[in-house]
Amino acid sequence: MKINFRDKINAAISKFYKQAEVQSSLSLNINTRGKVLVVDDEPINLELVKKYLSLENYEATTVNNGLDALAVINEAKEQQKLFDIILLDIMMPKLSGIDVLKKLRETFNLFELPVILLTAKNEPKDIVTGFASGANDYIKKPFHRDELLSRINTHINLRNAYIELVDQVKDARDKANRAAHAKSEFLANMSHEIRTPMNGVIAAVDLALSEKVSPKVEHYLRIIQSSGQSLLGIINDILDFSKIEAGKLELECTPFKMDELLERIVGLFANKMSEKGIEFLIDYNPLIPNSLIGDSLRLQQILLNLISNAFKFTEKFGIITVGINIKNYEPLKEDVVLNFFVKDTGIGMKPEYRDKLFEPFTQADVSTSRKYGGTGLGLAISKQLVELMGGKIDVESEYGKGSHFYFNVNLKKQMVYEEYDKSIPNELKGLRILAVDDCLDARIIIKKYLESYGFNPQLCSIPSEALDKLQKNYFDLIVLDWLMPELNGIEMAGKIRKELKNNAPIILLTAFGKEIEKSAAEEAGVNIFLTKPISPSVFFNAIMHVFGKEILKPIEKKSQIDPMLQENRETVKGARILIVEDNFTNQEIAKAIIVSAGAFVEVVNNGREALSLLQNRKFDIVLMDVQMPELDGYETTQLIRQDINFKHLPIIAMTAHAMRGDEEKCLSAGMDAYITKPLNQNILFKILAKFITVSRNIEVKCKPITDEIDIDMAKTELGLDDDIFKEILLIFVKTNQDTNKKLQDAFNDKDFVVLQKLAHSLKGSGANIGAKRLHSAAIELETACKKRTMDPADNSIPSIFMINELKDALNQMITFINKLD
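As the structure is a prediction and not an experimental result, all values here were calculated from the model.

This paragraph deals with the overall build of the chain. Tallying secondary structure elements over the chain gives 29 helices and 22 strands in all. By residue count, 46% of the 821 residues in the chain fall in the buried class. Pairs at least 24 apart in sequence give 70% of the contacts found in the chain among residues at least 6 apart.

Moving on: the confidence of the model for the chain. Across the chain, the average pLDDT comes to 80, with 81% of residues at 70 or higher. The model gives residues 554-563 a pLDDT under 50, and that stretch makes twelve contacts with residues more than four places away or in other chains. Contacts from residues 698-707, a stretch scored under 50 in pLDDT, to residues over four places away or in other chains number ten contacts.

Here we take up the nonpolar core. Ranked by internal contacts, the top residues of the largest apolar core, which has 71 residues, are Met-258, Leu-299, Phe-407 and Phe-539. Per-element tally for this core: the top contributor is helix α10 (residues 296-313), with eight residues. Residue contacts for Leu-299: discarding those within four places in its chain leaves Phe-256, Met-258, Leu-261, Phe-340, Met-389, Phe-407, Val-409 and Leu-411. In this structure, Val-733, Leu-743, Leu-755 and Leu-758 belong to the second largest nonpolar core, which totals 29 residues.

Side chains three or four residues apart in an α-helix point the same way, a direct result of the helix having 3.6 residues per turn. Residues of helix α21 (residues 633-641) that are buried include every one of Gly-633, Tyr-634, Thr-636, Thr-637 and Ile-640, and no others. Across the axial projection of α21, the buried residues extend over an arc of 165°, all falling on one side. In this structure, the buried side of α21 is in contact with α20 (607-614), β20 (621-624), β21 (651-655) and α22 (662-668). Sitting at the head of α21, Asp-632 places a side-chain oxygen 3.1 Å from the backbone nitrogen of Tyr-634.

Right, let's talk about the sheet that holds strand β22 (residues 673-676) for a bit. Within the open sheet, the five strands sit side by side as β19-β18-β20-β21-β22. Their pairing is parallel. Here the strands that pair on one side only, and so sit at the sheet edges, are β19 (600-604) and β22. Each neighbouring strand pair of the sheet contributes to a mean axis angle of 20°, computed without reference to strand direction. On top of the sheet, helix α29 (residues 800-818) reaches β18 (576-580) and β19; it is set at about 155° to β19, its chief contact.

Let us look at the packing of aromatic side chains. Tallied over the entire structure, the rule returns eight aromatic pairs. Relative to Tyr-162, the ring of Phe-111 has its centre 5.3 Å away and its plane inclined at 25°; by these criteria the two rings are stacked. With Phe-111 in the loop between α4 (97-105) and β4 (115-119) and Tyr-162 in helix α6 (residues 145-209), the pair connects residues that are 51 residues apart, well separated along the chain. Ring geometry for Tyr-453 and Phe-455: centres 6.0 Å apart, planes at 70°, overall edge-to-face. Both residues of the pair, Tyr-453 and Phe-455, count as buried. Cluster of aromatic residues (ring-pair linked, three or more members): Tyr-449, Tyr-453, Phe-455, Phe-539 and Phe-540. Directly above the aromatic system of Phe-311 lies the positively charged group of Lys-276, at a separation of 4.6 Å from the ring centroid. If you follow Lys-350 out to its NZ or CZ, it ends over the ring of Tyr-399, 5.1 Å from the centre.

Looking at where Leu-755 falls in the secondary structure, it is placed in helix α27 (residues 752-769). Since its relative accessible area comes to 0%, Leu-755 is described here as buried. When neighbours within four sequence positions are excluded, Leu-755 is seen to be in contact with Leu-743, Ala-746, Phe-747, Leu-781, Cys-785, Pro-798 and Ile-803.

It is worth spelling out the pairing of β18 at this point. Burial analysis of β18 places five of its five residues in the buried class, the great majority of the element. Burial of the side chains of β18 extends over both faces: Arg-576, Leu-578 and Val-580 are buried on one face and Ile-577 and Ile-579 on the other. By the bridge criterion, five bridges tie β18 to β19 in an arrangement that is parallel. Directly across from Leu-578, in β19, lies its bridge partner Glu-602. Regarding topology, helix α19 (residues 584-595) serves as the crossover connection from β18 to the parallel β19, and that connection is right-handed. Bridge count between β18 and β20: four bridges; the pairing is parallel. In the strand pairing of β20, Ile-579 is matched with Leu-623.

So, on to the packing of α10 against helix α12 (residues 378-388). Where α10 contacts α12, the axes come no closer than 9 Å and their chain directions differ by 145°. As for the relative orientation of α10 and α12, their crossing is left-handed in sense. Facing Arg-298, Gln-301, Ile-302, Asn-305, Leu-306 and Asn-309 of α10, the residues of α12 in contact are Gly-378, Leu-379, Ile-381, Ser-382, Leu-385 and Val-386. Among the residues forming the contact of α10 with α12, the class breakdown is six nonpolar, five polar and one charged.

Before going further, it helps to examine helix α14 (residues 463-472). Within α14, the full set of buried residues consists of Pro-463, Ala-466, Leu-467 and Leu-470. Down the axis of α14, the sector holding all buried residues measures 100°, keeping them to one side.

Topologically, Lys-413 is positioned in strand β12 (residues 402-413). On the basis of relative accessibility, which here comes to 7%, the residue Lys-413 falls in the buried class. Distance in space between the C-alpha atoms of Lys-413 and Pro-331 is 9.3 Å, their sequence separation being 82 residues. Non-local contacts of Lys-413, meaning those with residues more than four positions away in its chain, are made with Pro-289, Ser-291, Leu-292, Ile-293, Tyr-329, Glu-330, Pro-331, Leu-332, Lys-333, Glu-334 and Val-336.

Cut-offs applied
- Position labels on residues start from 1 in each chain and follow its written sequence.
- Local features in a predicted model are, by the rule used here, given only for residues with pLDDT of at least 70; side-chain atom pairs are given and counted only at 80 or more, and totals for whole chains, interfaces and linings are based on all residues.
- No hydrogens and no water enter the side-chain calculation; it runs on all heavy atoms of the structure.
- Strands are runs of DSSP state E lasting at least two residues, helices are runs of H or I lasting at least four, and both sets are numbered from the N terminus onward.
- For the exposure calls, accessible area comes from a 1.4 Å probe over protein chains only, and a residue counts as buried if that area is under 20% of its type's maximum, exposed if over 50%, partly exposed in between.
- The criterion used for residue contact is that any of the two residues' heavy atoms lie within 4.5 Å.
- pLDDT is defined as a per-residue confidence score from the predictor, taking values between 0 and 100.
- Take the buried Ala, Val, Leu, Ile, Met, Phe, Trp, Tyr and Cys residues and link them wherever side-chain atoms come within 4.5 Å; each set so joined is a nonpolar core.
- Taken from the helix axis, the directions to the C-beta atoms give the arc we talk about.
- Here a polar contact means two N or O atoms within 3.5 Å. Within protein one must be a hydrogen donor candidate and the other an acceptor candidate, and residues neighboring in sequence count only if both atoms are side-chain atoms.
- Any two strands between which DSSP finds at least two bridges are classified as paired.
- Note on geometry: axes are lines fitted to C-alpha atoms, helical ones only across the stretch in contact, with angles between N-to-C directions running from 0 to 180 degrees.
- Each Phe, Tyr or Trp ring (for Trp, its six-membered ring) is paired with any other whose centre lies within 6.5 Å, and the angle between the two planes then decides the class: stacked below 30 degrees, edge-to-face above 60, tilted in between.
- Geometrically, a charge over a ring is one whose NZ (Lys) or CZ (Arg) sits within 6 Å of the ring centre while staying within 35 degrees of the ring normal.
- Here a crossover is taken to be right-handed if, once the strands point away from the viewer, the path from the first strand over the helix to the second is traced clockwise.
- Crossing handedness follows the turn of the near helix against the far one: under a right angle anticlockwise gives a left-handed crossing, and clockwise gives a right-handed one.
- The classification used treats Ala, Val, Leu, Ile, Met, Phe, Trp, Tyr, Cys and Pro as nonpolar, Asp, Glu, Lys and Arg as charged, and all other residues, Gly among them, as polar.

Structure representation (structure tokens):
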């Protein structure tokens, strides 16, 4: 009897349907519960699983081999209708389930596309292979309907939870990106607002230092200058904190002098330490090379942060020591590792607060923020800066006794520079020196310095002990601290001179020195008065000075002015420059800097005024502020570029915006270059010289000098031969030797009648000799004078630009004539 297997299969399926309909009658699911792909080479398995799934409202797709399965999955991916789960048979021809699974895991992770393996194989090694290939679950054939559906439902729920979590993360990331963008905009605006007054402070000090002032005033100006530059550097870091967060802060690598860096730090803190009565010490190993290469501004910033914290948490009459050491120093090696520390006798901290000390926006003890203030950002920035310099930072602290911060950085030596020669004359070797200071740390540092010079120091902590030593022993030099118990340094110096009749040189050290104390010290017989903290070179020079020996000659400081600055200033001389700037202080600063180079400057307050002026004036270059009312710098530049006449006019962004992307934004708007405020004169004149040269070259190509001076045409029209015409030109030069001075004087005196007559005269003579530019400039000034006469209240005309234009045209003509054969 022939058995019809198809009929048996259909009968089994029908029976299954009847059973399943009864079991599913209690199901409340109406909508599709998920999309399932079933992959099996057995037709009956496909049909059976498909029926199970349909009765539970799953949407099932079936394929009978691995290759088709991959094709169906790729198509679903392209249509963005991916399956929720795959039921995958292992044993299939051509491409096994394991091979399909491995392919899937190259694209999808466990949670994106869960896979349940279906197989009759149940050996441990088969299970391990399945999970190792990326299976989520494993069901052995024959499987029970409820078990299959339960596992499917569980993995689809996990997948949905994963997708929901991914969406939440994406939403949170988008919100974070929007917040970061808003923060960047805020920081950019804040940058502008903070840097604008800083521009005024720093640039005004630069201008003041170019004037002749007393040494005392110059000293104060240098402190303002140094403090302003340091503050600006810190502002730049804080305002561009996004770079630090992203780990993209870039370090400079420039030459600097360690003693100069320490002098700047001392200058910033000396007065504050004195007012609070804090002993401020510098413990500087004399072996440390002075001429180094690295990012001195960032190094200074780290030290400023640590010293500021020490100062903040150290009570009156405490001690703060800044130290620099070097280990395993090799004179011939270029790389050096310096170890820095800042130690204080302040309040210290409890152990539980140390772990979060270097986290941003935190205080070691939040209760201290009310008393001491601070954002809690300084140490976090310092930590990242130290790590960028290849070092590490840490702290030791004991509550109630103080803190000791220490870090190391990698730097390079300037191999082309020689260090100070601290060798002493033979006759001074082994000098017996008595040093008296009640501060143990100060005594240790003084002893270290003196021994490094080759002297023989003896130390005392109290004046009575020192006076006893002086009665019994001979000393070549006496070093006294000023503020000590029993006797202060000045009183002790008086006793040494009057009672002991000792004439040994005396050096007085004080952390709190003022002019009145200095005067009293001199009267008491003190030879040299030094203010703490003292550096090794300053101390050495003082000792050499009292013995009449040659002091250390500091290596000539590298000029802060670019060697090309003077050449660039010469290029700018005579240029016509338009400054577009809404801030009055910035206007005055920029104008003063540029006028000092001999350029002609016109200033307007906003973009609209600039557009109007450009229609009536000729300029070699425009300095354009970015943030202005009415029309900002971007809009103004775009409008200028729409005029074909200004296609090659150089426009330089002059802005306080210093965030990442600001330069690109300026260049995209049509500007030619970008300079940040506060203005650096080296950079400013370098850019001006570059673009003024380009502008003049373009001008020469487009408009030759013969368009402004056409002698041949003038000779032809006048009908004169060369000799007679040359005589006329020489007479023109002779009669106009003082004309420029007369023009300026008349303008300064607001004598517009005289100014009009001078312009009228130049108009006629300029036309006669072929000086077209002179003729045009004279007409413009004459017309303006006439308008001013009719409307005396109009202070805008004639302008200084008209005067300068006419004077420049006259100079051009005279120079041209003098060069003729």
